[in-house]
Amino acid sequence: MTARETAARPHRGTIFQEEGRILDHHDAGADQWILRVFAPECARAAQPGQFAHLQCAPRLLMRRPLSIQRVDREAGWVEFLYKVVGDGTRALSQQVKGDTLSVLGPIGQPFRLHPERPKRLLLGGGVGIPPMIFLAHRLHLQGEAGQTHAVLGSEVPFPFHARPSEILWPGLPDGAIATLPLLEDWGVACRLTSKAGLPGAFDSFVTDLGRAWLAGLSPAERDQVEIFACGPHPMLEACAELAAEFDLPCQVSLEEFMACAVGGCAGCTVPVRTPEGVAMKRVCVDGPVFAAADVFPEPERA
């Protein structure tokens, strides 16, 4: 079974509803917040690429979907990075340590790892960074960090303190030196990019660094690569184009507005290419992870 076929295979996991207690909640700058919640059932079952649907405040009935950034299964906590963009996330940012909030999760199809492609390129942009951190941690726990490379981009200050990388990453342009310490401590080669002139970040897009690395690999080495991506729609489209350029499998995690997030309302549907033709798929339960070529098909050439 190919990487594309297994990426589309349904994941049938249990969704738990828990009253989660906030263990830590702090402002990470630029309207970005890091939230850690005690939700042991969700923590035990969550896989990289999945998300949770959170009630932001008791007065707000509509939940908000947040990608899972990290979990600790033994301690029972789930961590999220989110950006304040509206009334819901603004209300969530006012919740404090010790408060409880309803957590529904984990939800959706996770990323799928393929042993035949042990070299992983992780591309995350903005609030698409959390799934990449979760995936990097999983690869670290599996002893596969040494062949994992991550490029994270942002147009606002990063929600963590960057530092110069201590892991050599051949093939990258000069100036690509800033890294996320957490990933580097796990043994994952990581670089940061931004077109907003952020200190230490390479002045480019995540796909540009990814292309530079891929171009420097031998054909045999490239045959071992799979790309994983999450971020804004234009970034994901560029990631799909990058994968097609080098004929590589690529999985993308989509971000859509969701009402129910459990497949009932069909409000988050997107067109997806299937063997039977284009079909409308629900991002919440049929995704959020899809094969990039199925949601961003290459344009037909004359």
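Residues numbered from 1 in each chain as written. Predicted model: local features only at pLDDT ≥ 70, side-chain atom pairs only at ≥ 80, totals over all residues. Heavy atoms only, no water.

## Quick look at the overall build of the chain
Looking only at helices and strands, one finds 9 helices and 16 strands in the chain. For the chain, the C-alpha radius of gyration of 18 Å lies close to 19 Å, the compact-globule estimate for 302 residues. Referenced to the eigenvectors of the C-alpha coordinate spread, the extents of the chain come out at roughly 55 × 50 × 35 Å. For the chain, restricting intrachain contacts to residue pairs at least 6 apart in sequence, the fraction spanning at least 24 positions comes to 67%. Surface exposure of the chain reaches about 13600 Å², of which carbon and sulfur atoms provide 53%. For the chain, the centre of its 28 positive side-chain charges and the centre of its 35 negative side-chain charges are spaced 4 Å apart. (Helix = DSSP H or I, 4+ residues; strand = E, 2+ residues; numbered from the N terminus. Rg over C-alpha atoms; globule rule 2.2 N^0.38 Å. Contact = heavy atoms within 4.5 Å. Areas by Shrake-Rupley, 256 points an atom, 1.4 Å probe, with all protein chains shown as cover. Lys, Arg positive; Asp, Glu negative; His and termini not counted. Charge placed at Lys NZ, Arg CZ, Asp CG, Glu CD.)

## Section: the packing of aromatic side chains
Considering all chains together, one arrives at 3 aromatic pairs under this definition. Seen in terms of ring centroids, W169 and W213 are 6.2 Å apart; in terms of plane orientation they differ by 80°. Their pairing is edge-to-face. Taken together, the positions of W169 in the loop between β9 (163-164) and β10 (178-179) and W213 in helix α6 (residues 206-215) put the pair 44 residues apart, joining distant regions of the chain. There is no split in this pair, since W169 and W213 are both buried. One cation-aromatic arrangement involves R36 over W77; the distance from NZ or CZ to the ring centre is 3.7 Å. Above the plane of the ring of F205 lies K195, whose end atom (NZ or CZ) is 5.7 Å from the centre. (Phe/Tyr/Trp six-rings, centres within 6.5 Å; stacked < 30°, edge-to-face > 60°. Buried < 20%, exposed > 50% of the residue type's maximum accessible area, 1.4 Å probe, protein only. Lys NZ or Arg CZ within 6 Å of the ring centre and 35° of its normal.)

## A closer look at helix α8 (residues 233-245)
Helix length check: α8, at 13 residues, gives a terminal C-alpha distance of 18 Å against a target of 18 Å (1.5 Å per residue), a fit within 8%. Among all positions in α8, only M235, L236, C239, A240, L242 and A243 are buried. Buried residues in α8, looked at end-on, bunch into an arc of 160°, giving them a common side. α8 presents P234 and E241 as exposed residues on the side facing more than 90 degrees away from its buried surface. Looking at the buried side of α8, the elements it contacts are β7 (119-125), α6, β12 (225-230), β13 (250-253) and α9 (292-295). (Expected span 1.5 Å × (residues − 1). Arc of directions from axis to C-beta.)

## Regarding α6
Of the positions making up α6, those classed as buried are V206, T207, L209, G210, W213 and L214. In an axial view of α6, the angular spread of the buried residues amounts to 160°, which keeps them on one side of the axis. On its buried face, α6 sits against β7, β8 (148-153), β11 (189-193), α7 (219-222), β12 and α8.

## Focus: the nonpolar core
Judged by nonpolar contacts, the single largest core of 42 residues is most densely connected at L123, W213, L214, I227, V252 and L254. Among the elements that take part in this core, α8 stands out by supplying 6 residues, more than any other. If sequence neighbours within four positions are ignored, I227 has contacts with L121, L123, L214, L242, A243, L248, P249, C250 and Q251. (Core = buried A, V, L, I, M, F, W, Y, C linked by side-chain atoms within 4.5 Å.)

## Details of the sheet that holds strand β2 (residues 32-38)
Overall, antiparallel pairing links the 6 strands, which are arranged β1-β2-β5-β4-β3-β6 in a closed barrel. Taken over all neighbouring pairs, the strand axes of this sheet differ in orientation by 45° on average, direction set aside. Bridge count between strand β4 (residues 64-72) and strand β5 (residues 77-83): 4 bridges; the pairing is antiparallel. Residue pairing for β5: D72 is matched across the bridge by W77. The strands touched by helix α4 (residues 129-141) within the sheet are β4 and β5, with β4 carrying the most contacts at an inclination of about 25°. (Pairing = 2+ DSSP bridges. Axes fitted to C-alpha atoms, helices over the stretch in contact; angles between N-to-C directions.)

## Comments concerning the sheet that holds β11
Strand pairs in the sheet, formed through backbone hydrogen bonds, run parallel or antiparallel to each other. Across the sheet, which stays open at both edges, the 6 strands sit in the order β11-β8-β7-β12-β13-β16 with mixed pairing between neighbours. At either margin of the open sheet sits one strand with a lone partner, and together these are β11 and β16 (289-291). The average undirected angle you get between the axes of adjacent strands in this sheet is 20°. As paired elements, β12 and β13 share 4 bridges and run parallel to each other. Directly across from F228, in β13, lies its bridge partner Q251. On top of the sheet, α6 reaches β7, β8, β11 and β12; it is set at about 165° to β7, its chief contact. Contacts between α8 and the sheet are confined to β7, β12 and β13, with β12 contributing the most and set at about 170° to the helix.

## Thoughts on the packing of α6 against α8
Remark: α6 packs on α8, axes separated minimally by 10 Å, with the N-to-C direction vectors making an angle of 15°. The angle between α6 and α8 places the two elements in the roughly parallel class. Both α6 and α8 take part in a crossing whose hand is right-handed. Between α6 and α8, the residues in contact are V206, T207, G210, R211 and L214 and M235, A238, C239, L242 and E245, respectively. Along the lines of polarity and charge, the residues of the contact of α6 with α8 split into 6 nonpolar, 2 polar and 2 charged. (Parallel < 35°, antiparallel > 145°, perpendicular 65-115°, else oblique. Left-handed = near helix turned anticlockwise from the far one by under 90°. Nonpolar A, V, L, I, M, F, W, Y, C, P; charged D, E, K, R; others polar.)

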